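A closer look at the structure
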Amino acid sequence: MSRIAYFGPRGTFTEQAARVLAAGEELIPVETVRLAMTAVRNGEADAACVPIENSVEGVVPATLDALSEAAPLVAVAETILPIHFSVLTRPGGGDIKTVASHPHALAQVREWLEENLPDADQVASSSTSAAAVGVREGTFDAAVCAPVANEHYGLEVLAEGVADVPDAATRFLLVRAPGELPEPTGADRTSVVAAAANRTGTLAELLTELASRGINLTRLDARPTRSNFGEYRFFIDFEGHVAEPRVLDALTALRRHCRNLRFLGSHPRADGTRTTIEPGFGNDDFVEAAVWADAVRKGDRA
Ligand SMILES: O=C(O)C(=O)C[C@]1(C(=O)O)C=C[C@@H](O)C=C1
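Residues numbered from 1 in each chain as written. Predicted model: local features only at pLDDT ≥ 70, side-chain atom pairs only at ≥ 80, totals over all residues. Heavy atoms only, no water.

As recorded in an unreviewed UniProt entry, the protein chain goes by Prephenate dehydratase and comes from Amycolatopsis plumensis. According to UniProt, the comment filed for the protein chain under the heading Pathway (unreviewed entry) is "Amino-acid biosynthesis; L-phenylalanine biosynthesis; phenylpyruvate from prephenate: step 1/1." Taken directly from UniProt, the Catalytic activity (unreviewed entry) text for the protein chain runs: "prephenate + H(+) = 3-phenylpyruvate + CO2 + H2O". (UniProt positions renumbered as here; feature names shortened; annotations may be inferred.)

1. Re unusual backbone geometry
Residue Pro 9 follows Gly 8 across a cis peptide bond; omega there is 5°. Within the secondary structure layout, Pro 9 lies in the loop between β1 (3-7) and α1 (13-21). With a phi close to 55°, Ala 70 is a non-glycine residue in the positive phi region. In this structure, Ala 70 sits in the loop between α3 (61-68) and β5 (74-82). The class for Ala 70 is exposed, based on a relative accessible area of 55%. With a phi close to 75°, Arg 226 is a non-glycine residue in the positive phi region. The exposure class of Arg 226 is exposed, given its relative accessible area of 54%. (Helix = DSSP H or I, 4+ residues; strand = E, 2+ residues; numbered from the N terminus. Buried < 20%, exposed > 50% of the residue type's maximum accessible area, 1.4 Å probe, protein only.)

2. Topic: the nonpolar core
Core analysis: the biggest nonpolar cluster contains 32 residues, and Cys 49, Phe 85 and Trp 112 have the highest contact counts within it. Take this core: its biggest share by element is four residues, from α1. Within the second largest apolar cluster, 23 residues are counted, among which are Val 30, Ala 48, Ala 66 and Leu 73. (Core = buried A, V, L, I, M, F, W, Y, C linked by side-chain atoms within 4.5 Å.)

3. Focus: the packing of aromatic side chains
Enumeration over the complete set of coordinates arrives at one aromatic pair. For the ring pair Phe 13 and Phe 85, a centre distance of 5.3 Å and an interplane angle of 85° mean the geometry is edge-to-face. Linking Phe 13 in helix α1 with Phe 85 in strand β6 (residues 85-89), this pair joins segments that are 72 residues apart in sequence. Overall, Phe 13 belongs to the buried group, its relative accessible area being 8%. (Phe/Tyr/Trp six-rings, centres within 6.5 Å; stacked < 30°, edge-to-face > 60°.)

4. What about the sheet that holds strand β14 (residues 232-239)?
The strand order β13-β14-β12-β15 describes an open sheet built from four strands, whose pairing is antiparallel. One side of each edge strand has no neighbouring strand; the edge strands of this open sheet are β13 (217-224) and β15 (258-268). Across this sheet, the average inter-strand angle for adjacent strands is 15°, counted without regard to direction. As judged from the six bridges shared by strand β12 (residues 188-196) and β14, these two strands associate in the antiparallel manner. Counted as the bridge partner of Arg 189 is Glu 239 from β14. Lying over the sheet, helix α9 (residues 245-257) contacts β12, β14 and β15, oriented at roughly 155° with respect to β15. (Pairing = 2+ DSSP bridges. Axes fitted to C-alpha atoms, helices over the stretch in contact; angles between N-to-C directions. Contact = heavy atoms within 4.5 Å.)

5. Considerations on the packing of helix α8 (residues 202-211) against α9
At a minimum axis separation of 9 Å, α8 and α9 run at an interaxial angle of 165°. One finds that α8 runs roughly antiparallel with respect to α9. Considering the relative orientation of α8 and α9, their crossing is right-handed. Touching Glu 205, Leu 206, Glu 209 and Leu 210 of α8 are Ala 250, Ala 253, Leu 254, Arg 256 and His 257, all from α9. (Parallel < 35°, antiparallel > 145°, perpendicular 65-115°, else oblique. Left-handed = near helix turned anticlockwise from the far one by under 90°.)

6. Re the sheet that holds strand β8 (residues 121-124)
The five strands are arranged β8-β7-β9-β6-β10 in an open sheet whose pairing can be described as mixed. The open sheet has two free edges, formed respectively by β8 and β10 (156-162), since each of these has just one partner strand. Looking at each pair of strands side by side, their axes are set apart by 25° on average, direction ignored. Where strand β7 (residues 98-101) meets β8, four bridges bridge the pair, whose relative direction is parallel. Across the sheet, the residue bridging to Thr 98 is Asp 121, located in β8. Across the sheet, helix α6 (residues 128-137) touches β6, β7 and β9 (142-145), and the angle it forms with β9 is around 155°.

7. As for the UniProt feature "domain: Prephenate dehydratase" (unreviewed entry) in the protein chain
According to UniProt, the positions carrying the feature "domain: Prephenate dehydratase" (unreviewed entry) are residues 3-177. In this annotation, residues 3-177 is assigned 31% helix and 35% strand; the end-to-end C-alpha distance for the span is 13 Å.

8. Things to note about the pattern of salt bridges
Scanning the model with the defined rule gives 24 salt bridges in all. Here Arg 19 ties to Glu 15 by a salt bridge, and the two come within 3.0 Å at their closest N and O atoms. In this pair, Arg 19 and Glu 15 are both assigned in helix α1, four residues apart and thus about one turn of the helix distant. Judged by its relative accessible area of 36%, Arg 19 is partly exposed. The buried category is assigned to Glu 15, whose relative accessible area is 7%. (Salt bridge = Lys/Arg side-chain N within 4 Å of Asp/Glu carboxyl O.)

As structure tokens, then:
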């Protein structure tokens, strides 16, 4: 049985995601996203389940930062969960003066809180279930949580199905040390983090390398390098798998432009969206063109 560290404590949305991505494996709750990945880097866990992006609030910065630092990890699988919150209180608890949750969660229920708990102070907690623990211990009066938190902490449900945006969803990754990659499926996502030189046009050059090979982006984010003010790392997700000639060709080109390029994995997309292939950009086109160029080089063709 594999050991899977996940962003906990028990009862987070990430635990729900880990149950999907690593059903039947040993699930180990860890206090922060960074520590879940550290557990893999130290060999205490075989893989980690972490949130990467939410359809309302965007990326989870802690995940991007932890993926770009220390020993490399690669994503091997992903899942997308609908996000509807439960608001939990202590059984028989009185006035709600404080309501706590993960900042990403508070941002997704801002309107609901303004309408339903306008006088409560909003407090950030390290995760949604850490807020539930705080309610049980008397630190906060209410927690905005994943519905599964209620299975663990014996609280009272004040409201269910809470979400300012009804179709909100979060994507989660299963990451592990680099090794054998998942097989390409035709509906894959590849991720890299690029530290490009700080001069005119470098980001445009990176994106042009992808566009000129007909590769469609699925996400682009920038995070500060933290060492030099104004310098950024670019997190780029795009359609396709590194086992495909056109993607490998693009990755090779990106490497030339970057001070530092980290491969973050190629894996099947949870939404099953198949890779867009424009005419002339198919893998067969790349293979045929390389065979032709090789024959030209050898003097066999002209
Ligand atoms: O705190 C949790 O329950 C998490 O799994 C984290 C997280 C996030 O970081 O976005 C995951 C899904 C929700 O969007 C809110 C919080």
